[in-house]
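Listed here are the chains, written in short residue letters.
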Amino acid sequence: MEDVLKKYNFTFKKRYGQNFITDLNLLDAIAADAGAEGRRVLEIGAGAGALTRALSKRAERVLAYEIDPALRPVLAETLAGCENTEVVFRDFLREDMAAVERELGGDYVVAANLPYYVTTPVIMRFAEESEGCRLLTVMVQAEVADRLCAKEGTKEYGAITAAIARRGTCKILRQVSRNLFTPRPNVDSAVVQLDFRTGGFSVKDEEMFRRTVRCAFQNRRKTLKNNLMSAFSLTRESAEELLARLELPADVRGEALSPHCLGALSDLLSE
Ligand code: SAM
(Lines give C-alpha, C1' and ligand atoms only; values in the text may rest on other atoms or scores of the structure.)
Protein backbone atom coordinates (compact mmCIF):
# COMPACT_ATOMS: atom_id res chain seq x y z
CA MET A 1 0.00 0.00 0.00
CA GLU A 2 2.80 2.41 0.91
CA ASP A 3 4.37 1.84 -2.53
CA VAL A 4 1.12 2.76 -4.28
CA LEU A 5 0.75 5.91 -2.17
CA LYS A 6 4.31 6.90 -3.06
CA LYS A 7 3.79 6.14 -6.73
CA TYR A 8 0.95 8.70 -6.89
CA ASN A 9 2.75 11.24 -4.65
CA PHE A 10 -0.03 11.01 -2.09
CA THR A 11 0.37 13.21 0.99
CA PHE A 12 -1.69 12.49 4.12
CA LYS A 13 -4.19 15.19 5.03
CA LYS A 14 -4.78 15.80 8.69
CA ARG A 15 -7.98 17.72 7.98
CA TYR A 16 -9.57 14.55 6.61
CA GLY A 17 -8.43 12.38 9.53
CA GLN A 18 -6.19 10.31 7.28
CA ASN A 19 -4.58 7.68 9.49
CA PHE A 20 -4.49 4.46 7.52
CA ILE A 21 -4.19 0.90 8.83
CA THR A 22 -1.68 -1.37 7.20
CA ASP A 23 -1.89 -4.50 9.38
CA LEU A 24 -3.60 -7.07 7.16
CA ASN A 25 -4.53 -9.37 10.06
CA LEU A 26 -6.26 -6.51 11.85
CA LEU A 27 -8.12 -5.48 8.70
CA ASP A 28 -9.31 -9.01 8.08
CA ALA A 29 -10.43 -9.30 11.71
CA ILE A 30 -12.42 -6.05 11.38
CA ALA A 31 -14.08 -7.32 8.18
CA ALA A 32 -15.04 -10.52 10.03
CA ASP A 33 -16.22 -8.56 13.11
CA ALA A 34 -18.34 -6.39 10.83
CA GLY A 35 -20.39 -9.38 9.69
CA ALA A 36 -19.48 -8.60 6.07
CA GLU A 37 -19.86 -12.23 4.96
CA GLY A 38 -22.37 -12.35 2.10
CA ARG A 39 -23.80 -8.92 3.07
CA ARG A 40 -24.13 -5.51 1.51
CA VAL A 41 -21.51 -3.34 3.16
CA LEU A 42 -21.23 0.43 3.41
CA GLU A 43 -17.75 1.76 4.19
CA ILE A 44 -17.09 5.36 5.12
CA GLY A 45 -13.61 6.59 4.28
CA ALA A 46 -11.96 4.06 1.95
CA GLY A 47 -8.50 5.65 2.26
CA ALA A 48 -6.04 3.55 0.27
CA GLY A 49 -8.54 0.70 0.15
CA ALA A 50 -6.94 -1.74 2.58
CA LEU A 51 -10.11 -2.33 4.63
CA THR A 52 -12.22 -2.06 1.47
CA ARG A 53 -10.32 -5.01 -0.03
CA ALA A 54 -10.77 -7.11 3.09
CA LEU A 55 -14.50 -6.32 3.03
CA SER A 56 -14.76 -6.99 -0.69
CA LYS A 57 -13.42 -10.55 -0.21
CA ARG A 58 -16.31 -11.40 2.10
CA ALA A 59 -19.19 -9.19 1.04
CA GLU A 60 -21.89 -9.53 -1.58
CA ARG A 61 -21.30 -5.90 -2.42
CA VAL A 62 -19.30 -2.95 -1.02
CA LEU A 63 -20.29 0.69 -1.44
CA ALA A 64 -17.44 2.87 -0.14
CA TYR A 65 -17.30 6.64 0.30
CA GLU A 66 -14.11 8.65 0.11
CA ILE A 67 -13.94 12.45 0.33
CA ASP A 68 -10.43 12.90 -1.07
CA PRO A 69 -10.21 12.77 -4.89
CA ALA A 70 -6.42 12.48 -4.64
CA LEU A 71 -7.06 8.84 -3.65
CA ARG A 72 -8.80 8.06 -6.95
CA PRO A 73 -5.74 6.62 -8.79
CA VAL A 74 -4.58 4.85 -5.62
CA LEU A 75 -7.94 3.13 -5.16
CA ALA A 76 -8.18 2.27 -8.86
CA GLU A 77 -4.98 0.29 -8.38
CA THR A 78 -5.52 -1.24 -4.93
CA LEU A 79 -9.11 -2.28 -5.70
CA ALA A 80 -8.38 -3.65 -9.17
CA GLY A 81 -10.32 -6.89 -9.55
CA CYS A 82 -12.78 -6.13 -6.73
CA GLU A 83 -15.79 -6.41 -9.02
CA ASN A 84 -18.33 -6.19 -6.21
CA THR A 85 -16.97 -2.84 -4.98
CA GLU A 86 -17.81 0.72 -5.92
CA VAL A 87 -16.16 3.87 -4.54
CA VAL A 88 -18.07 7.14 -4.47
CA PHE A 89 -15.83 10.21 -4.18
CA ARG A 90 -18.06 12.44 -2.09
CA ASP A 91 -18.48 13.67 1.46
CA PHE A 92 -20.63 11.03 3.15
CA LEU A 93 -22.12 13.60 5.53
CA ARG A 94 -23.55 15.57 2.63
CA GLU A 95 -25.26 12.57 1.11
CA ASP A 96 -28.98 12.04 1.46
CA MET A 97 -29.29 9.05 3.79
CA ALA A 98 -32.48 7.76 2.17
CA ALA A 99 -30.78 7.84 -1.26
CA VAL A 100 -27.74 5.95 0.09
CA GLU A 101 -30.05 3.32 1.57
CA ARG A 102 -31.99 3.04 -1.69
CA GLU A 103 -28.72 2.50 -3.51
CA LEU A 104 -27.80 -0.29 -1.08
CA GLY A 105 -31.25 -1.73 -1.66
CA GLY A 106 -32.10 -3.38 1.67
CA ASP A 107 -30.44 -4.46 4.90
CA TYR A 108 -26.74 -3.70 5.14
CA VAL A 109 -23.85 -3.46 7.57
CA VAL A 110 -21.42 -0.55 8.05
CA ALA A 111 -17.68 -0.93 8.50
CA ALA A 112 -15.28 1.96 8.87
CA ASN A 113 -12.05 3.21 10.29
CA LEU A 114 -13.70 6.53 10.93
CA PRO A 115 -11.97 9.85 10.41
CA TYR A 116 -11.82 11.22 13.97
CA TYR A 117 -13.19 14.67 13.12
CA VAL A 118 -16.55 13.28 11.99
CA THR A 119 -17.02 10.33 14.35
CA THR A 120 -19.99 11.80 16.22
CA PRO A 121 -21.99 13.14 13.24
CA VAL A 122 -21.48 9.89 11.30
CA ILE A 123 -22.64 7.71 14.20
CA MET A 124 -25.56 10.06 14.96
CA ARG A 125 -26.71 9.80 11.33
CA PHE A 126 -27.04 6.04 11.65
CA ALA A 127 -28.61 6.18 15.11
CA GLU A 128 -31.19 8.75 14.05
CA GLU A 129 -31.78 8.33 10.31
CA SER A 130 -30.93 4.82 9.15
CA GLU A 131 -33.58 2.24 8.43
CA GLY A 132 -31.66 -0.63 6.83
CA CYS A 133 -28.48 -0.58 8.94
CA ARG A 134 -28.22 -3.74 11.05
CA LEU A 135 -24.65 -3.61 12.39
CA LEU A 136 -22.19 -0.76 12.54
CA THR A 137 -18.59 -1.72 13.27
CA VAL A 138 -16.29 1.26 13.54
CA MET A 139 -12.81 2.17 14.68
CA VAL A 140 -12.94 5.25 16.91
CA GLN A 141 -10.67 6.90 19.48
CA ALA A 142 -10.56 4.73 22.63
CA GLU A 143 -12.00 7.53 24.73
CA VAL A 144 -14.95 7.94 22.31
CA ALA A 145 -15.55 4.17 22.46
CA ASP A 146 -16.02 4.51 26.22
CA ARG A 147 -18.59 7.27 25.66
CA LEU A 148 -20.57 5.29 23.09
CA CYS A 149 -20.95 2.30 25.40
CA ALA A 150 -21.20 4.18 28.75
CA LYS A 151 -23.59 3.39 31.59
CA GLU A 152 -25.87 6.05 33.02
CA GLY A 153 -24.51 7.96 35.98
CA THR A 154 -20.91 7.92 34.68
CA LYS A 155 -19.10 10.97 33.33
CA GLU A 156 -18.76 9.28 29.92
CA TYR A 157 -22.55 8.90 29.56
CA GLY A 158 -24.07 11.49 27.22
CA ALA A 159 -26.51 12.32 24.45
CA ILE A 160 -24.81 10.04 21.92
CA THR A 161 -24.94 7.08 24.33
CA ALA A 162 -28.69 7.51 24.74
CA ALA A 163 -29.26 7.93 20.98
CA ILE A 164 -27.42 4.66 20.32
CA ALA A 165 -29.15 2.77 23.14
CA ARG A 166 -32.54 3.69 21.68
CA ARG A 167 -31.56 1.83 18.50
CA GLY A 168 -29.71 -1.16 19.92
CA THR A 169 -26.72 -2.35 21.88
CA CYS A 170 -23.11 -1.21 21.87
CA LYS A 171 -19.93 -3.06 22.78
CA ILE A 172 -16.19 -2.61 22.46
CA LEU A 173 -14.75 -5.46 20.40
CA ARG A 174 -11.03 -4.74 20.49
CA GLN A 175 -8.47 -2.16 21.55
CA VAL A 176 -6.09 -1.00 18.82
CA SER A 177 -2.69 0.54 19.46
CA ARG A 178 -1.82 3.86 17.80
CA ASN A 179 1.31 2.14 16.46
CA LEU A 180 -0.78 0.26 13.89
CA PHE A 181 -1.69 3.47 12.00
CA THR A 182 0.22 5.45 9.37
CA PRO A 183 0.80 8.25 10.21
CA ARG A 184 0.73 7.40 13.91
CA PRO A 185 -1.96 9.41 15.77
CA ASN A 186 -1.56 10.71 19.34
CA VAL A 187 -4.21 8.41 20.81
CA ASP A 188 -5.12 4.73 20.89
CA SER A 189 -8.28 3.46 19.24
CA ALA A 190 -10.92 0.80 19.71
CA VAL A 191 -13.30 -1.09 17.44
CA VAL A 192 -16.87 -0.62 18.58
CA GLN A 193 -19.94 -2.47 17.38
CA LEU A 194 -23.44 -1.04 17.41
CA ASP A 195 -26.01 -3.78 16.92
CA PHE A 196 -29.35 -2.37 15.80
CA ARG A 197 -30.96 -5.83 15.68
CA THR A 198 -31.36 -6.17 19.44
CA GLY A 199 -31.96 -4.13 22.56
CA GLY A 200 -33.46 -0.95 21.11
CA PHE A 201 -36.78 0.52 22.18
CA SER A 202 -39.44 2.66 20.57
CA VAL A 203 -40.74 6.06 21.62
CA LYS A 204 -43.95 7.85 20.70
CA ASP A 205 -42.19 10.72 18.97
CA GLU A 206 -38.56 10.52 17.88
CA GLU A 207 -38.12 14.28 17.60
CA MET A 208 -39.37 14.64 21.19
CA PHE A 209 -36.89 11.96 22.31
CA ARG A 210 -34.06 13.97 20.71
CA ARG A 211 -35.23 17.16 22.44
CA THR A 212 -35.52 15.34 25.76
CA VAL A 213 -32.01 13.90 25.46
CA ARG A 214 -30.58 17.29 24.48
CA CYS A 215 -32.32 18.86 27.44
CA ALA A 216 -31.11 16.17 29.90
CA PHE A 217 -27.46 16.77 29.00
CA GLN A 218 -27.72 20.47 28.21
CA ASN A 219 -26.33 21.75 31.45
CA ARG A 220 -24.89 18.97 33.54
CA ARG A 221 -24.47 21.16 36.60
CA LYS A 222 -28.20 21.92 36.72
CA THR A 223 -30.91 19.54 37.91
CA LEU A 224 -33.10 17.90 35.30
CA LYS A 225 -36.05 19.85 36.69
CA ASN A 226 -34.35 23.18 35.91
CA ASN A 227 -33.28 21.99 32.46
CA LEU A 228 -36.85 20.83 31.73
CA MET A 229 -38.29 24.15 32.87
CA SER A 230 -36.08 26.12 30.50
CA ALA A 231 -36.10 23.73 27.52
CA PHE A 232 -39.86 23.10 27.52
CA SER A 233 -41.08 26.32 29.19
CA LEU A 234 -42.61 24.30 32.04
CA THR A 235 -43.65 25.64 35.43
CA ARG A 236 -41.81 24.25 38.46
CA GLU A 237 -44.97 22.33 39.43
CA SER A 238 -45.40 20.59 36.07
CA ALA A 239 -41.68 19.70 35.89
CA GLU A 240 -41.90 18.21 39.40
CA GLU A 241 -45.06 16.32 38.47
CA LEU A 242 -43.38 14.76 35.42
CA LEU A 243 -40.47 13.55 37.55
CA ALA A 244 -42.85 12.24 40.23
CA ARG A 245 -44.78 10.24 37.61
CA LEU A 246 -41.52 8.49 36.76
CA GLU A 247 -40.78 8.03 40.48
CA LEU A 248 -37.66 10.16 40.17
CA PRO A 249 -36.41 12.47 42.95
CA ALA A 250 -37.10 16.17 42.32
CA ASP A 251 -33.37 17.00 42.37
CA VAL A 252 -32.30 14.25 39.94
CA ARG A 253 -29.75 15.14 37.25
CA GLY A 254 -30.25 14.19 33.62
CA GLU A 255 -27.24 11.90 33.44
CA ALA A 256 -28.74 9.66 36.16
CA LEU A 257 -31.60 8.58 33.84
CA SER A 258 -31.14 5.40 31.82
CA PRO A 259 -31.90 5.62 28.07
CA HIS A 260 -35.21 3.80 28.73
CA CYS A 261 -36.12 6.32 31.41
CA LEU A 262 -35.32 9.19 29.00
CA GLY A 263 -37.66 7.45 26.54
CA ALA A 264 -40.41 7.30 29.16
CA LEU A 265 -39.88 10.99 29.97
CA SER A 266 -40.08 11.92 26.29
CA ASP A 267 -43.34 9.92 25.97
CA LEU A 268 -44.83 11.90 28.88
CA LEU A 269 -43.66 15.16 27.31
CA SER A 270 -45.32 14.26 24.02
CA GLU A 271 -48.70 13.66 25.71
N1 SAM B 1 -10.27 2.88 5.54
C2 SAM B 1 -8.90 3.34 5.50
C3 SAM B 1 -8.08 2.52 6.47
O4 SAM B 1 -8.67 1.87 7.33
O5 SAM B 1 -6.86 2.55 6.38
C6 SAM B 1 -8.78 4.84 5.79
C7 SAM B 1 -9.27 5.31 7.13
S8 SAM B 1 -8.89 6.99 7.49
C9 SAM B 1 -8.97 6.98 9.26
C10 SAM B 1 -10.41 7.86 7.11
C11 SAM B 1 -10.68 8.10 5.64
O12 SAM B 1 -11.95 8.79 5.52
C13 SAM B 1 -9.68 8.99 4.92
O14 SAM B 1 -9.28 8.39 3.73
C15 SAM B 1 -10.44 10.31 4.64
O16 SAM B 1 -10.00 10.97 3.47
C17 SAM B 1 -11.87 9.81 4.54
N18 SAM B 1 -12.90 10.81 4.89
C19 SAM B 1 -12.78 11.84 5.76
N20 SAM B 1 -13.93 12.52 5.86
C21 SAM B 1 -14.81 11.90 5.04
C22 SAM B 1 -16.17 12.15 4.69
N23 SAM B 1 -16.84 13.17 5.25
N24 SAM B 1 -16.78 11.36 3.77
C25 SAM B 1 -16.07 10.33 3.20
N26 SAM B 1 -14.78 10.04 3.50
C27 SAM B 1 -14.16 10.80 4.41
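The following refers to the structure shown. Everything numeric in this text was worked out from a predicted model, so none of it was measured.

## Here we look at the overall build of the protein chain
A tally of helices and strands in the protein chain yields 12 helices and nine strands. Taking 271 residues into account, the globule formula puts the C-alpha radius of gyration at 18 Å, and the protein chain, at 21 Å, falls close to it. If one aligns the C-alpha atoms of the protein chain with their principal axes, the spans along those axes are about 70 × 40 × 30 Å. With 271 residues in all, the protein chain has 51% of them scored as buried. Considering only contacts within the protein chain whose residues lie at least 6 apart along the sequence, 67% involve residues at least 24 apart. Summing over all exposed atoms, the protein chain offers an accessible surface of approximately 12,800 Å²; the carbon and sulfur share of this is 46%. Computed over 38 positive and 39 negative side-chain charges, the inter-centroid distance for the protein chain is 3 Å.

## What to know about the sheet that holds strand β9 (residues 189–195)
Spatially, β4-β3-β2-β5-β6-β9-β7 is the arrangement adopted by the seven strands of the open sheet, whose pairing is mixed. Each having just a single partner strand, β4 (85–88) and β7 (169–176) make up the two edges of the open sheet. Pairs of neighbouring strands in the sheet enclose a mean axial angle of 20°, with direction left out of account. With three bridges connecting them, strand β2 (residues 40–44) and strand β5 (residues 108–113) associate as parallel partners.

## Some words on the packing of helix α9 (residues 206–218) against helix α12 (residues 259–269)
Relative to each other, α9 and α12 sit at 115°, their axes nearing to 9 Å. Of the two possible hands of crossing, α9 and α12 adopt the one that is right-handed. Facing M208, F209, T212, V213, A216 and F217 of α9, the residues of α12 in contact are P259, L262, G263, L265, S266 and L269. Of the residues belonging to the contact of α9 with α12, the class tally is nine nonpolar, three polar and no charged.

## As for the nonpolar core
Ranked by internal contacts, the top residues of the largest apolar core, which has 35 residues, are L5, I21, I30, V41, L55, L71 and M139. Listed by contribution, the elements that provide at least two residues to this core are α1 (2–7), β1 (20–21), α2 (24–33), α3 (50–58), β3 (61–65), α4 (72–78), β5 and β6 (133–141). Beyond its immediate stretch of four places on either side in the chain, I21 contacts M1, L26, L27, I30, A50, N113, M139, L180 and F181. Counting 30 residues, the second largest nonpolar core, distinct from the first, contains V138, V140, I160 and I164.

## Brief notes about unusual backbone geometry
In the segment running from T182 into P183, the intervening peptide bond is cis, with an omega of -15°. Its location among the elements puts P183 in the loop between β8 (181–182) and β9. Non-glycine residue E247 carries a positive phi angle of around 55°. Summarising the element assignment, E247 is placed in the loop between α11 (236–245) and α12.

## Let's talk about the packing of aromatic side chains
In the structure shown here, the tally under the stated rule is seven aromatic pairs. Note on Y157 and F217: the rings are 5.4 Å apart at their centroids and 75° apart in plane angle, and the pair reads as edge-to-face. Highlighted residues: Y157 in the loop between α7 (142–148) and α8 (159–167) and F217 in helix α9, separated in sequence by 60 residues. An aromatic cluster is defined as three or more aromatic residues linked by ring pairs; in this entry it consists of F10, F12 and F20. The ring of Y16 has R15 lying over it, and the distance from NZ or CZ to the ring centre is 4.8 Å.

## Notes on the site of the ligand
What surrounds the ligand is a group of 20 residues, the closest being I21, G45, E66, D91 and Y117. Between the ligand and I21, the relevant distance is 2.9 Å, taken from an oxygen atom to a main-chain nitrogen or oxygen of the residue. With respect to the ligand, the side chain of Y117 contributes an N or O atom lying 2.8 Å from a nitrogen atom. Starting from 600 Å² of accessible surface for the ligand in isolation, the protein chains cover 99%. A breakdown of the residues in the shell around the ligand according to their chemical character gives 10 nonpolar, six polar and four charged.

## What about the pattern of salt bridges?
All chains considered together, the criterion is met by 21 salt bridges. Between E129 and R125 there is a salt bridge; the shortest N-O distance is 3.3 Å. With E129 and R125 both in helix α6 (residues 119–129) and four residues apart, this pair spans about one turn of that helix. On the accessibility criterion, E129 (40% relative accessible area) is partly exposed. For K155, the salt bridge identified is with E156, shortest N-O distance 3.0 Å. With a relative accessible area of 71%, K155 lands in the exposed category.

Rules used in this analysis
- Residues numbered from 1 in each chain as written.
- Predicted model: local features only at pLDDT ≥ 70, side-chain atom pairs only at ≥ 80, totals over all residues.
- Heavy atoms only, no water.
- Helix = DSSP H or I, 4+ residues; strand = E, 2+ residues; numbered from the N terminus.
- Rg over C-alpha atoms; globule rule 2.2 N^0.38 Å.
- Buried < 20%, exposed > 50% of the residue type's maximum accessible area, 1.4 Å probe, protein only.
- Contact = heavy atoms within 4.5 Å.
- Areas by Shrake-Rupley, 256 points an atom, 1.4 Å probe, with all protein chains shown as cover.
- Lys, Arg positive; Asp, Glu negative; His and termini not counted.
- Charge placed at Lys NZ, Arg CZ, Asp CG, Glu CD.
- Pairing = 2+ DSSP bridges.
- Axes fitted to C-alpha atoms, helices over the stretch in contact; angles between N-to-C directions.
- Left-handed = near helix turned anticlockwise from the far one by under 90°.
- Nonpolar A, V, L, I, M, F, W, Y, C, P; charged D, E, K, R; others polar.
- Core = buried A, V, L, I, M, F, W, Y, C linked by side-chain atoms within 4.5 Å.
- Phe/Tyr/Trp six-rings, centres within 6.5 Å; stacked < 30°, edge-to-face > 60°.
- Lys NZ or Arg CZ within 6 Å of the ring centre and 35° of its normal.
- Near = heavy atom within 4 Å.
- Polar contact = N/O pair within 3.5 Å; in protein donor to acceptor, adjacent residues only side chain to side chain.
- Salt bridge = Lys/Arg side-chain N within 4 Å of Asp/Glu carboxyl O.

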